[in-house]
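Remarks on the overall topology
For reference, the chains in residue letters:
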Amino acid sequence: MGSHLKFYQAGDIIFNQGEASDCAFVIDQGKVDIFIENETLDTLVAGDLFGEMGVLDQQPRSTSARAATDLALLEVKTNQITERLKSSDPIVKALVRVLLKRFRSLLSSDNTFSTDVLFSEVESVIEDEGLSKIKMESELRSAIANQQIQTVYQPINDIETGNIAGFEALSRWEHPEKGMISPFEFITLAEETDLIVDVGRLVFERACHVLSQLPEHFFININVSPKQLDNDLFLNHVVQLMKSKGVSPARLKLEITETMVVDYQRANQWIQKCKGLGFPICADDFGTGHSGMQQLVALDFDVLKVDQVFIRNMYENKKYAIILQTIARIAADLGMKLVAEGVEENAQYQSLKLLGFDYGQGYFFGRPMDELDVFALIKKEVEK
Ligand code: C2E
Ligand code: CA
Ligand code: CA
């Protein structure tokens, strides 16, 4: 815990002018003096970022940095910044470059510019919001390395028999200070960088392990992101892993959300590739995007998972019930399995049964649980 922090004592040098720039820092606790020779240019405090310049333009450090007090620093890796810059708006990229150039030329000449002005200029580029995001990303990075990202499994039940048929694997981040962080928050952050591939690797590896311990007829659904599907190395790694554990890819269903499908051609490539490897494909959150029906024509899904909003509102608003009925008929006619999400009450379960849904998922059947609870539950289920 907290092992991502680096500690210094007052007086320690953090880096010297002229050294290679391999990372930046965010001050977690304490103060830092930025100086050139004997002249202190600025004193930075908790929350400030420094050392970012050389990382941005791959130049040696233009100043030195020393711990002004005892100090805790959070390291920001070069690729955290360069990945961001590469994917940023070209105008922002240009602005950063111009400001860097100006800043460097001012630092190197012996002119009389006030350093206050210089630093406020740089600060205006890196805004507070971006900074807290970068900090969060550093923490996520070490959370992944330190196995603080957990995988939980929510039952998916056979509607006909009511028995558990499989599980959906969901990620959880137990932050040492902030507590449980919702996947809506950290998955989005991870998706903006390559971190999602690392999160995905954890989930895949754990799901393979769980599958290898469960009877053959149980499956696990996994949420995948574009960066994972574009990464052939990653997919091949998963297939190798499954082979070595003797688990058939047919038991690992990949969930793709409608929002991921911006470009049918690209989505179709993913789907064909994954199906070629033996993974069934499930359309997640079906019905919430704006191209649902067209998607069914263009893309070859094996499973449709209807979004919770339809189940939640099926009694309040008759239109939702009618749409559910229509989706059920379409799925049957197109030969796709149908899953309902967010089933919370017995009444909803009974209605879905009448509509001919194949599977249901939601608090009515069970909440997400850890691996050990999955094994205990399945043991009971198999014995009954
Ligand atoms: P999702 O794929 O739509 O997952 C279903 C979400 O609904 C889960 O939220 C689940 O806990 C919640 N849920 C399940 N049953 C019920 C119910 O009866 N009522 C209500 N109100 N909610 C229910 P969670 O775990 O917070 O996940 C949020 C989203 O984050 C997921 O939505 C998924 O899109 C994404 N996500 C989670 N783990 C991963 C991951 O490992 N990789 C990727 N790429 N995305 C993930
Ligand atoms: Ca899902
Ligand atoms: Ca969903």
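These numbers were taken from a predicted model, which means no experiment stands behind them. (Residues numbered from 1 in each chain as written. Chains lettered and ligands numbered in written order. Predicted model: local features only at pLDDT ≥ 70, side-chain atom pairs only at ≥ 80, totals over all residues. Heavy atoms only, no water.)

Considering the coordination of the calcium ion (ligand 3)
Counted only if it meets this: Only nitrogen, oxygen and sulfur atoms qualify as donors, provided they sit within 2.8 Å of the metal or within 3.2 Å for Na, K and Ca; with water excluded from the atoms, sites may seem incomplete. Helix and strand definitions here come from DSSP, where helices need a minimum of 4 consecutive H or I residues and strands a minimum of 2 consecutive E residues; each element is numbered from the N-terminal end.
Protein ligation of the calcium ion (ligand 3) involves Asp284 (OD), Asp285 (OD), Glu341 (OE) and Glu341 (OE), the donor distances falling in the range 2.2 to 2.6 Å. Here the donor residues for the calcium ion (ligand 3) map to a single chain with the spacing D-D-x55-E. The distance between the calcium ion (ligand 3) and the calcium ion (ligand 2) comes to 3.9 Å, and Asp284 binds to both of them. One end of the pair, Asp285, is in strand β14 (residues 281-286); the other, Glu341, is in the loop between β16 (337-340) and α14 (346-355), with 56 residues separating them in the sequence.

Section: the coordination of the calcium ion (ligand 2)
The coordination sphere of the calcium ion (ligand 2), as far as protein atoms go, consists of Glu168 (OE), Asn223 (OD1), Glu255 (OE) and Asp284 (OD), spread over 2.1 to 2.3 Å. The sequence motif formed by the donor residues of the calcium ion (ligand 2) is E-x54-N-x31-E-x28-D.

Quick word on helix α10 (residues 264-276)
Convention followed: Multiplying 1.5 Å by the residue count of a helix minus one yields the expected span of that helix. For every residue, the accessible area obtained with a 1.4 Å probe (protein chains only) is divided by the maximum for its type, and the residue is called buried under 20%, exposed over 50%, and partly exposed between those limits. Summarising the geometry, the arc corresponds to the directions from the helix axis toward the C-beta atoms. What makes two residues a contact is simply this: any of their non-hydrogen atoms within 4.5 Å. Any N or O atom pair separated by 3.5 Å or less is treated as a polar contact, with the protein-specific requirement of one donor-capable and one acceptor-capable atom, and with residues adjacent in sequence counted only for side-chain atom pairs.
Look at α10: 18 Å from first C-alpha to last across 13 residues, which is about the 18 Å you get at 1.5 Å a residue. Buried residues of α10: Ala267, Trp270, Ile271 and Cys274, and no others. Here the buried residues of α10 occupy an arc of 95 degrees about the axis, which is enough to place them on one side. The outward face of α10, more than 90 degrees from its buried face, is lined by the exposed residues Gln265, Gln269 and Gly276. Turning to α10, the residues buried within the fold contact α8 (226-229), α9 (232-245), β13 (252-257) and β14. Two to three positions downstream of the cap, the backbone nitrogen of Gln265 sits 2.9 Å from a side-chain oxygen, assigning the N-cap of α10 to Asp263.

Examining the confidence of the model for the chain
Our working definition: Think of pLDDT as the predictor's per-residue confidence, scored from 0 to 100.
Per-residue confidence for the chain gives a mean pLDDT of 89; residues scoring 70 or more make up 92%. Across residues 111-123, where pLDDT falls below 50, the model places 13 contacts with residues more than four positions away in sequence or in other chains.

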